[in-house]
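Here is what each chain is made of, one letter per residue.
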Amino acid sequence: MKSIGVLMTCPMHKYLEQQLETHFNLFKLWHCNSSITEFLKTHQGNTIRAVVGDTNIGADAELIASLPNLEIVASYSVGLDKIDLRKCEEKGIRVANTPDVLTDDVADLAIGLILGVLRRICASDVYVRIGKWKDADFGLATKFSGKSVGIVGLGRIGTAIAKRAEAFGCSISYFSRSQKPFANYKFYSDIIDLATSCQILIVACALTDETRHIINREVIDALGPKGILINIGRGAHVDETELVSALLEGRLGGAGLDVYENEPEVPEELLGLGNVVLQPHVGSDTVETSDAMADLVISNLKAHFSNKPLLTPVI
């Protein structure tokens, strides 16, 4: 397989890059100093049979069209919003992602964000470090245990979050495209009703045209001035302008965010708010999970080029 050309769209996990270099003929798109077209001409784009992308750069229609011998897109992520799935289907290109292996880490971070916001962990850490504790006690925070939690999207990650929140004695409800037969949680077919009924709203659904800005002003206002919004999905799930306004105006109690609309850009207004906890899109970024995701990417590529079934097929 060493002769098979694989295009990596941007820097990812170093271990993944090393494994791709070991098993395939690896091309790195970020080494491009000109247009993608010129890069592919220089690097023999017609020899590239696979693309490895992630949540930053996947495989859009332009990239797919420029690779006449492309057979498979393997995403180093579970999300597929950076891949033109329709174009892949039209051209018979296989698509694989990395579900399941990152579920626990993302769910863990969701709980961490909730605790960070409610218990003011980041603010109290700073309080100790700058010596203010010597002058006065930090003050009271808010309890997590027993809160009502609403989850937008009860897939693998949403279900894992629900199980963790249950351990804190929280009541769980959810909004999804359809009611889940396996779930014993209260189902809402209207996201406004879900936001009205819960104290903590967690976004854990896939990003599609239907879920883009699913968290809008109406949903935020339904959650209310004591409510907390947690987003570990995609930045575009939330109307960021409305979120910032609600936080500044006190119409929302707080937020824990791992994702943003224009990453790595973060609204300046959020940086100074003590009721907001910010993370740099690190939901699945542990050594263990990153290695497992990389192994799954490699296994899918090997399976495809050995004419075997993909381990985690999307198309």
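Computed from a predicted structure; not experimentally measured.

Colleague: Could you give an account of the environment of Met1, naming the residues involved and the relevant values?
Modeller: As for its position among the elements, Met1 is in the segment before strand 1 (5-8). The exposure class of Met1 is partly exposed, given its relative accessible area of 38%. For the pair Met1 and Lys180, spaced 179 residues apart in sequence, the C-alpha to C-alpha distance is 42 Å. Not counting chain neighbours up to four residues away, the residues in contact with Met1 comprise His23, Phe24, Lys302, Phe305 and Ser306.

Colleague: Describe the domain arrangement of the protein chain, naming the residues involved and giving the relevant values.
Modeller: The domain architecture assigned to the protein chain consists of domain 1 (5-97 + 287-306) and domain 2 (102-278). Taking only C-alpha atoms, the centre of domain 1 and the centre of domain 2 are 32 Å apart. Facing the 6 residues of domain 1 at the interface are 4 residues of domain 2. Roughly 540 Å² of surface becomes buried between domain 1 and domain 2 when both sides are summed, with 57% attributable to carbon and sulfur atoms. In this structure, the connection of domain 1 to domain 2 is made through 1 salt bridge. A salt bridge links Arg234 to Asp81, with the shortest nitrogen-to-oxygen separation between them at 3.2 Å.

Colleague: Tell me about the packing of helix 5 (residues 103-118) against helix 7 (residues 156-167), residues and numbers included.
Modeller: Direction vectors running N to C along helix 5 and helix 7 enclose 50 degrees, while the axes themselves pass 9 Å from each other. It follows that helix 5 is oblique to helix 7 by the angle criterion. Classified by chirality, the crossing of helix 7 by helix 5 is right-handed. On the side of helix 5, the interface is formed by Thr103, Asp104, Val106, Ala107, Asp108, Ala110 and Ile111, while helix 7 contributes Arg156, Ile157, Ala160, Ile161, Arg164 and Ala165.

Colleague: Outline unusual backbone geometry, supporting the account with residue identities and numerical values.
Modeller: Backbone torsion omega between Glu263 and Pro264 reads 5 degrees, so that peptide bond is classified as cis. Within the fold, Pro264 resides in the loop between strand 11 (254-257) and strand 12 (276-278). In this model, Arg120 sits at a positive phi of 55 degrees, which is unusual for a non-glycine residue. As for its placement among the helices and strands, Arg120 is situated in the loop between helix 5 and helix 6 (121-129).

Colleague: Outline the packing of helix 1 (residues 14-23) against helix 11 (residues 287-305), listing residues and values.
Modeller: Their axes nearest at 9 Å, the elements helix 1 and helix 11 cross at an angle of 25 degrees. One finds that helix 1 runs roughly parallel with respect to helix 11. The crossing of helix 1 and helix 11 is right-handed. Of helix 11, the residues touching helix 1 (which contributes Tyr15, Leu16, Gln19, Leu20 and His23) are Asp291, Ala294, Asp295, Val297, Ile298, Leu301 and Lys302. Class assignment for the residues of the contact of helix 1 with helix 11 results in 7 nonpolar, 2 polar and 3 charged.

Colleague: Quick rundown of the pairing of strand 6 (residues 148-152)? Include the residues and the values.
Modeller: Side-chain direction in a regular strand flips from residue to residue, so the side chains alternate between the two faces of the sheet. Counted residue by residue, strand 6 has 5 buried out of 5 residues, so it is predominantly covered. Residues of strand 6 alternate between two faces, with Ser148, Gly150 and Val152 on one and Val149 and Ile151 on the opposite face, all of them buried. Bridge count for strand 6 against strand 7 (residues 171-175) is 5 bridges, and the pairing is parallel. If you follow Val152 over to strand 7, its bridge partner there is Phe175. Handedness of the strand 6-helix 7-strand 7 crossover: right-handed. As judged from the 4 bridges shared by strand 6 and strand 9 (residues 200-203), these two strands associate in the parallel manner. Looking at strand 9, one finds that Gly150 is bridged to Leu201.

Colleague: Please give an account of the nonpolar core that cites residues and values.
Modeller: Ranked by size, the top nonpolar core spans 53 residues in total, and within it Leu16, Leu20, Ile161 and Leu301 carry the most contacts. The dominant element in this core, judged by the number of residues it contributes, is helix 5, at 9 residues. For Leu301, the contacting residues outside a window of four places in its chain are Leu20, Phe24, Ala50, Val52, Ile72 and Ala74. Core analysis: the second largest hydrophobic core is formed by 30 residues, Leu194, Ala195, Leu252 and Leu270 among them.

Colleague: So what's going on with helix 7? Which residues, and what values?
Modeller: Given a rise of 1.5 Å per residue, 12 residues ought to cover 16 Å, and the 17 Å separating the end C-alpha atoms of helix 7 matches this to within 8%. The complete set of buried residues in helix 7 reads Ile157, Gly158, Thr159, Ala160, Ile161, Ala162 and Ala165. Each element contacted by the buried residues of helix 7 is listed here: helix 5, strand 6, strand 7 and strand 9. Of the residues trailing helix 7, Gly169 is marked for its positive phi of about 75 degrees.

Colleague: Can you break down the packing of aromatic side chains residue by residue, with the values?
Modeller: With the rule as written, the count across this model stands at 4 aromatic pairs. Centre to centre, the rings of Phe24 and Phe305 are 6.2 Å apart; their planes meet at 55 degrees, and the pair counts as tilted. Taken together, the residues Phe24 in the loop between helix 1 and strand 2 (25-28) and Phe305 in helix 11 connect sequence positions 281 residues apart. Comparing Phe24 with Phe305, the two get one shared label, buried. Relative to Phe187, the ring of Tyr174 has its centre 5.3 Å away and its plane inclined at 50 degrees; by these criteria the two rings are tilted. On the criterion of sequence distance, the pair formed by Tyr174 in strand 7 and Phe187 in strand 8 (residues 186-188) is long-range, its members being 13 residues apart. Assessed through its relative accessible area of 0%, Tyr174 is described here as buried.

Scoring rules and cut-offs
Residues numbered from 1 in each chain as written. Predicted model: local features only at pLDDT ≥ 70, side-chain atom pairs only at ≥ 80, totals over all residues. Heavy atoms only, no water. Helix = DSSP H or I, 4+ residues; strand = E, 2+ residues; numbered from the N terminus. Buried < 20%, exposed > 50% of the residue type's maximum accessible area, 1.4 Å probe, protein only. Contact = heavy atoms within 4.5 Å. Domains from an automatic or database assignment. Buried area = accessible area lost by both parts, 1.4 Å probe. Salt bridge = Lys/Arg side-chain N within 4 Å of Asp/Glu carboxyl O. Axes fitted to C-alpha atoms, helices over the stretch in contact; angles between N-to-C directions. Parallel < 35°, antiparallel > 145°, perpendicular 65-115°, else oblique. Left-handed = near helix turned anticlockwise from the far one by under 90°. Nonpolar A, V, L, I, M, F, W, Y, C, P; charged D, E, K, R; others polar. Pairing = 2+ DSSP bridges. Right-handed = clockwise from strand over helix to strand, strands pointing away. Core = buried A, V, L, I, M, F, W, Y, C linked by side-chain atoms within 4.5 Å. Expected span 1.5 Å × (residues − 1). Phe/Tyr/Trp six-rings, centres within 6.5 Å; stacked < 30°, edge-to-face > 60°.

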